[in-house]
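# Overview (structure and organization)
For reference, the chains in residue letters:
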Amino acid sequence: MRLKIPALAVLAALAPALADAHEVTVKGVTVAYPWARATPEGAKVGAAFAEIKTDKDTSDRLVGISSPVAGRAEIHAMTMEGDVMKMRRLDGIDLKPGESVVLKPMANHVMLFDLKQQLKEGDPVKLTLTFAKAGPIEVEGTVEPPGAKGPHGHEAQSVDDSMGEMHHHMSHD
Ligand SMILES: [Cu+2]
């Protein structure tokens, strides 16, 4: 449950460094519930997710992603073309005022390439999301099991799919 109390919003805006690393707000942009999926040993590609929220007076654009566990990260969109799922790289994602954009399985997501280590369930994972106006926002989440559909104890990102291993079966443009 979330309380929308102005005093809390002010506090969050004044003290982003003190905020829980799982949810960080900078200049009206909040990154919350970051997580990644566990990867098999030797895998070079992984996927990560988070929720991005803007306050009612803020518009911004997600323009980049990075993680210390990956040589390179991209923002991806997923679409269905007939029965075939396709992923493509996005240059960014526009954020309108008061919007919540959830990066989640079977939708827009973060693709991690050139993994430097296996992503093991329960391990912490850092993501830096860079915004056109708010700049870089670093958050730390947790690696969830390979088939996880959302971060621990949070239902908002759950999706109706049975394709936990999707990234191993899909090609990238
Ligand atoms: Cu992808």
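Described below are features of the structure shown in this document. Everything numeric here is computed off the predicted structure, so don't read it as measured data.

### Re the pattern of salt bridges
Applying the stated criterion to the full structure yields seven salt bridges. Across the pair Glu23 and Lys53 runs a salt bridge, and its minimum N-O distance is 3.9 Å. Note that Glu23 is positioned in strand E1 (residues 23–26) and Lys53 in strand E3 (residues 46–54), a separation of 30 residues in sequence. The salt bridge partner of Asp94 is Arg61, with a shortest N-O separation of 3.1 Å. Taken together, the residues span a long stretch of sequence, with Asp94 in strand E7 (residues 93–95) and Arg61 in strand E4 (residues 60–66) at a distance of 33 residues. Sharing partners across several salt bridges, the network here consists of Arg72, Glu74, Arg89 and Asp91.

### Concerning the pairing of strand E10 (residues 124–131)
In this structure, E4 lies alongside E10, joined through four bridges in antiparallel fashion. Within the sheet, the bridge partner assigned to Gly64 lies in E10 and is Thr130. In this sheet, strand E11 (residues 135–144) lies alongside E10 in antiparallel orientation, the contact comprising eight bridges. Along E11, the bridge assignment pairs Phe131 with Gly135. What sits between E10 and E11 in their antiparallel hairpin is a turn of three residues.

Each value, and the rule that gives it
- Residue positions are given per chain, counted from 1 along the sequence in the order it is written.
- It should be noted that, the model being predicted, local features are given only for residues of pLDDT at least 70 and side-chain atom pairs only at 80 or more, the latter also being counted only at that level, while totals for whole chains, interfaces and linings use all residues.
- Side-chain measures were taken over the full set of non-hydrogen atoms in the model, leaving aside hydrogen atoms and water.
- Any Lys or Arg side-chain nitrogen located within 4 Å of an Asp or Glu carboxyl oxygen qualifies as a salt bridge.
- Secondary structure follows DSSP: runs of H or I at least 4 residues long count as helices, runs of E at least 2 residues long count as strands, and numbering of each begins at the N terminus.
- Any two strands with at least two DSSP bridges between them are considered paired.

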